[in-house]
Structures are given as C-alpha cells and as structure tokens.
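# Summary of the model geometry
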Amino acid sequence: MDIYVVRANDLATCMKINTENQILNLKKSSTEEDSLLIDNENVTKLCFDERLSVVNEKKEVLGEFVGQIQKSNSNTNSESLIINLNSTSISKHGKEIGMSVITFTTTNLLSYEEKWSQTYSKESAMECKTVLVSNKNNDGRIQICTNINNGELIDQTKNINLKYIKSLLTEGMNYAFLRNLAIVGFEGTIKNKTAITINGTLCKTIYVCSLKDNYKINKMSVSVIIIKRAIQLGKSFKIPIRETITILTRLGYILNHSWGKTINQKLIINKSMRITKDGFVYNDNMTHLKNNLDQDIRFKLMYLNKYPEMKIKYNTYIKNNRDVYDMIIDYIKAVLIAKPDNVLQFSIDYFEEF
C-alpha cells in the first residue's frame with residue numbers, strides 16, 4: 001500500500017515566495033483581502049445545488065456531476081458550510097471513474113474537515129484513493145491522511161505556521177471559493193493560495209479572473225466570470241501540472257468547466273437546464289420530459305393513454321374561464337409579433353408585467 005506523506009517543510013517550501021518570478025505573494029492587499037471574504041449576505045447566495053453533464057470531445061454524455069452547498073447547523077462561533085460534490089461513473093479509456101467530496105468548513109475557510117475519494121475501475125479491478133484533510137481548531141495544526149483501497153489510514157499530523165494554513169483551499173473549499181468570486185465579481189489575479197491533490201500533495205495555485213458581458217450560450221447572452229486556475233508542484237507556473245478553466249454566471253452557476261488540453265472531458269449544463277438573462281440556472285421540467293419521453297417506452301404509453309382525458313379537462317377549463325382564454329390569445333399574439341430568439345426569457349418578461 002502506498003501512503004503519501006506530507007511533511008511540514010513541504011508546505012513551507014510550497015508557500016515560499018519566489019521573488020524572481022513573483023509567483024506567490026503572502027502579503028495580500030487589504031482590497032483583495034476584503035473582496036475575497038465570504039460575508040454574511042453572500043453566505044445565503046452561496047447555498048445552492050446544481051447538476052452538470054460530463055461530456056467528451058464529441059459532446060457525448062459520459063456521466064453527471066452534482067454539487068451542493070448548504071448552511072451547517074453546527075454550534076460554532078462563525079457560520080459554517082457543508083459542501084457535497086459527487087460524480088457518477090465516467091468512462092475514460094475503458095475505466096470507470098467516480099468522485100465524492102464532503103467538506104465541513106467555516107465561511108472564513110480557516111477551520112475545516114474534508115474527505116475526498118476517487119474510484120477507478122477496469123473490468124474486475126478497482127482502485128480507490130482517499131485523502132482526509134483537517135484543521136478543526138484553526139490552531140496551526142493541519143492533519144493530512146491518505147490511503148489506497150480502504151487500507152490502513154495513517155495519521156500524519158504536523159505543526160505548520162498559521163500563515164501558511166490560511167492559504168490552503170481543499171477541493172470542496174475551492175468549489176465554494178469559485179462561486180464566491182463570481183458573486184462578488186472579482187477581477188484580477190490571486191497568487192497566494194495552496195491546493196491539495198488526491199495523493200495528498202500540496203501545490204502552489206494561481207487564479208486569474210476576468211469578467212465578460214454578452215457570453216453566448218443556448219441562444220442567450222449572459223454576464224460571466226472566467227476563472228483560470230493553474231496548479232504547480234514546482235517553482236514555476238510555466239508548465240502547470242493541471243490547468244482548469246471555469247465559466248460561471250455572475251450568480252455563481254457553472255456553465256462550462258474544462259481540465260485543460262490533457263483531459264478531453266468537460267462539464268456543461270444539462271440539456272434540460274435553462275438560463276435567465278441575470279444568470280439564474282434552473283431545470284426545465286418540460287424539456288426534461290421531452291428529452292426522455294422517447295427513451296422510456298413505458299412512460300410514453302402512460303402519457304398517450306392519459307392525453308385524451310387531459311385534453312378534455314384543459315379545454316373545459318379554458319371554455320369556462322374566458323379571462324384565461326383572452327390572456328393566452330394576447331400572449332400568442334405578442335410572441336408572433338416579437339418573434340423572440342429566446343421564447344422562455346420573453347415569456348418570463350411578458351408575464352412579469354402582470
């Protein structure tokens with residue numbers, strides 16, 4: 001069994017300032033410090049759940065990713081979050097890959113616990129890697145444990161200077177951090193963060209954030225934030241070990257996420273999801289039913305058997321309620337006159353006037 005041990009001096013070396021390239025800067029400006037904090041108002045905005053499709057370069061759906069952030073009811077001095085990330089099996093070169101993350105963290109991202117697991121399987125063989133990261137008391141003591149295939153869990157606890165611990169973002173915390181950057185509309189470069197890999201390795205991390213208006217997606221133009229994240233074990237970011245690009249609406253919903261050139265898979269919004277002009281993403285039940293109707297014969301037969309009865313009920317209701325009939329006629333006239341590209345958004349705006 002391979003156990004990946006993280007030593008205290010590894011983290012200290014990882015966070016050492018490279019004065020020549022100015023890669024890291026532990027002394028953040030007050031402006032950046034304030035803009036990256038999760039304030040009480042944004043805690044509520046952070047709490048949400050989303051579903052994304054995992055697709056390959058041909059846009060074939062390989063699996064599903066589910067992310068959820070919610071408030072914790074724990075009795076702590078500061079507000080806390082529970083972050084859950086899960087992906088269904090993803091086919092990659094004959095392998096099935098699963099991922100699960102559960103994170104408990106205070107909103108200041110200084111006290112946390114996380115369990116992150118990845119499972120790889122091919123035919124009858126299966127391999128599972130897990131990393132546990134903990135800094136419960138925010139006392140300068142970080143605990144990192146790793147194992148393979150649910151073997152013996154070895155505790156490697158080291159005392160590390162608190163100023164280095166402050167910069168560590170676990171996988172779940174990074175998910176909340178990206179969403180917060182979108183909500184506050186941060187634009188610029190963040191050079192003082194640390195990431196941790198599934199093998200328990202600590203890496204330097206840099207975030208480059210840019211805002212863009214009129215980003216085109218599904219015939220809609222929305223305002224987005226584009227976040228490029230580079231992770232590097234060495235002293236330079238010239239050849240990052242991983243480079244991700246995440247495009248989020250200004251409300252923090254992920255529209256697209258890619259892992260760079262080395263991985264041909266990415267996350268995109270589900271076909272049944274819809275986007276409003278202010279960046280809210282929601283599930284369109286009718287589109288979902290339409291996409292799955294032909295694939296489920298039993299459900300389709302139930303619908304066809306019920307359709308005549310439903311048609312009679314609807315026609316009777318409209319006949320007995322003239323106001324509804326007039327409203328529908330006026331709406332159809334408005335659609336035919338405007339001929340909107342996005343009928344859904346037009347409909348929302350139209351009925352909001354009432």
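For the structure, see preceding data.
On a predicted model such as this, the values are computed, not experimentally measured, just so you know.

### Quick look at the side chain of Thr249
Inspection of the secondary structure puts Thr249 in strand E12 (residues 242-249). A residue is classified by how much of its surface remains accessible, and Thr249, at 0% relative accessible area, is buried. For Thr249, the side chain forms a polar contact with the main-chain oxygen of Gly279, separated by 2.9 Å. Discounting chain neighbours no more than four positions away, the residues touching Thr249 are Ala182, Ser223, Val224, Ile225, Leu255, Gly279 and Val281.

### Notes on helix H8 (residues 322-338)
The α-helix winds at 3.6 residues per turn, so residues separated by three or four positions along the chain end up facing the same way. Helix length check: H8, at 17 residues, gives a terminal C-alpha distance of 25 Å against a target of 24 Å (1.5 Å per residue), a fit within 8%. Every buried residue of H8 is accounted for by Tyr331, Ala334 and Val335. An end-on view of H8 places all buried positions within 100 degrees of arc, on one side of the element. For H8, the exposed residues set more than 90 degrees away from the buried face come down to Arg322, Lys333, Leu336 and Ile337. In this structure, the buried residues of H8 make contact with helix H9 (343-352). Downstream of H8 by one or two residues, Lys339 has phi in the positive range, about 45 degrees.

### Digging into unusual backbone geometry
Positive phi is not limited to glycine here, since Leu109 has a value of about 60 degrees. Structurally, the position occupied by Leu109 is in the loop between strand E4 (95-106) and strand E5 (112-122).

Cut-offs used in this document
- Residues numbered from 1 in each chain as written.
- Predicted model: local features only at pLDDT ≥ 70, side-chain atom pairs only at ≥ 80, totals over all residues.
- Heavy atoms only, no water.
- Helix = DSSP H or I, 4+ residues; strand = E, 2+ residues; numbered from the N terminus.
- Buried < 20%, exposed > 50% of the residue type's maximum accessible area, 1.4 Å probe, protein only.
- Polar contact = N/O pair within 3.5 Å; in protein donor to acceptor, adjacent residues only side chain to side chain.
- Contact = heavy atoms within 4.5 Å.
- Expected span 1.5 Å × (residues − 1).
- Arc of directions from axis to C-beta.

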